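# Observations on the model geometry
Residue strings, one per chain:
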Amino acid sequence: MFMAGAGVSAEALRLRLADLAASGRGDLRAVVGEFRRSEVLVPVVDGSLVSAEAGGIRWLFVFTDDAALARFAEARGEAVPERVAAYGALLLDQVVPEV
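For clarity, every value in this text was computed on a predicted model and none was experimentally measured.

What follows covers unusual backbone geometry. Residue D46 is not a glycine yet carries a positive backbone phi of 50°. Topologically, D46 is positioned in the loop between β1 (39-45) and β2 (48-49). What makes D46 exposed here is its relative accessible area of 78%.

Moving on, we get to the layout of surface pockets. Regions of empty space are outlined by a rolling probe, equal in size to a water molecule, passed over the atoms. Estimates place the volume of the largest pocket at around 440 Å³. Elements represented by at least two residues in the lining of the largest pocket include exactly α1 (10-23), β4 (57-60) and α4 (88-95). Broken down by element, the lining of the largest pocket gets its largest block of residues, four residues, from β4. A per-class count over the lining of the largest pocket returns 14 nonpolar, one polar and one charged.

What describes a pair of aromatic rings is the distance from one ring centre to the other and the angle between the planes of the rings. According to the stated counting rule, one finds two aromatic pairs in the structure shown. Between F61 and F72, the aromatic rings sit 4.9 Å apart at their centres with planes inclined by 45°, giving tilted as the arrangement. A residue pair is termed long-range when its members are at least 10 positions apart, and F61 in the loop between β4 and α3 (66-75) and F72 in helix α3 qualify at 11 residues. Counting every residue linked through ring pairs, the aromatic cluster contains F61, F63 and F72.

Another aspect to go through is the nonpolar core. Core analysis: the largest hydrophobic core is formed by eight residues, namely L13, F35, V40, V42, A86, L90, L91 and V95. Elements that contribute at least two residues to this core include exactly β1 and α4. For this core, the element with the highest residue contribution is α4, accounting for three residues. If we ignore the near neighbours within four places in the chain, the residues touching V42 are L49, L60, F61, V62, E82, R83, V84 and L91. Core analysis: the second largest hydrophobic core is formed by five residues, F61, F63, A68 and L69 among them.

Right, let's talk about the pairing of strand β3 (residues 51-54) for a bit. The pairing of β3 with β4 spans four bridges and is classified as antiparallel. Residue A54 lies in a different strand from β4, and its bridge partner there is I57. What sits between the antiparallel neighbours β3 and β4 is a turn of two residues, in which G55 has the positive phi angle 60°.

A few words now on the sheet that holds strand β5 (residues 82-87). Strand order in the open sheet made by the three strands is β2-β1-β5, with antiparallel pairing throughout. Both edges of this open sheet fall to β2 and β5, since each of them pairs with a single strand only. Across the sheet, α4 touches β1, β2 and β5, and the angle it forms with β5 is around 90°.

About the cut-offs
- Each chain has its residues counted from 1, running along the sequence as written.
- Predicted model: local features are reported for residues with pLDDT of at least 70 only, side-chain atom pairs are reported and counted for 80 or more only, and whole-chain, interface and lining totals are derived from all residues.
- Values reported for side chains reflect all heavy atoms of the structure, with hydrogen atoms and water molecules removed beforehand.
- Runs of H or I in DSSP of at least four residues are treated as helices and runs of E of at least two as strands, each being numbered from the N terminus.
- The buried label applies to any residue whose accessible area, calculated with a 1.4 Å probe on protein chains only, is under 20% of its type's maximum; exposed applies above 50%, and partly exposed to all values in between.
- Only protein atoms enter the 1 Å grid, on which a cavity is a set of points fitting a 1.4 Å probe that cannot get out and a pocket is an open set with protein on both sides within 12 Å along at least 5 of 7 lines, lining residues being those with an atom within 4 Å of a point.
- Grid points are joined across faces, edges and corners, and a volume is the space filled by probe spheres set on the points.
- Side-chain classes are defined by residue name, with Ala, Val, Leu, Ile, Met, Phe, Trp, Tyr, Cys and Pro counting as nonpolar, Asp, Glu, Lys and Arg as charged, and the others, Gly among them, as polar.
- Working definition: rings of Phe, Tyr and Trp (its six-membered ring) pair if their centres are within 6.5 Å, and the pair is stacked with planes under 30 degrees apart, edge-to-face with planes over 60 apart, and tilted otherwise.
- In this description, a nonpolar core means a group of buried Ala, Val, Leu, Ile, Met, Phe, Trp, Tyr and Cys residues linked to one another through side-chain atoms lying within 4.5 Å.
- Contacts are residue-level and defined by heavy atoms, with any inter-residue pair within 4.5 Å sufficient.
- If DSSP finds at least two bridges between two strands, the strands pair.
- Axis definition: a line fitted to C-alpha atoms, over the contacting stretch in the case of helices. Angles run 0 to 180 degrees between N-to-C directions.

Next up, the structure:
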């Protein structure tokens with residue numbers, strides 16, 4: 001599911017998300033817009049996107065780059081899974097409504 005085109009860099013998105021999380025303030029609409037334009041990585045296991053349920057909410061795991069995905073897998077004591085690249089807009093518009 002690799003999609004070509006110009007988007008926001010993974011590093012720029014990571015920095016915006018970290019700033020928003022640290023400060024609790026910021027323009028959430030702008031961050032969502034950056035996510036929509038960013039290409040992100042979604043891990044895949046046994047042909048399915050990796051997700052988990054917590055508090056009655058299904059969470060889809062999405063990473064800004066291979067290093068972030070590797071840290072996630074390492075923290076779980078797992079091998080780095082296969083992944084697909086997708087723009088955030090595709091995830092928000094087509095995948096999330098189906099989850």
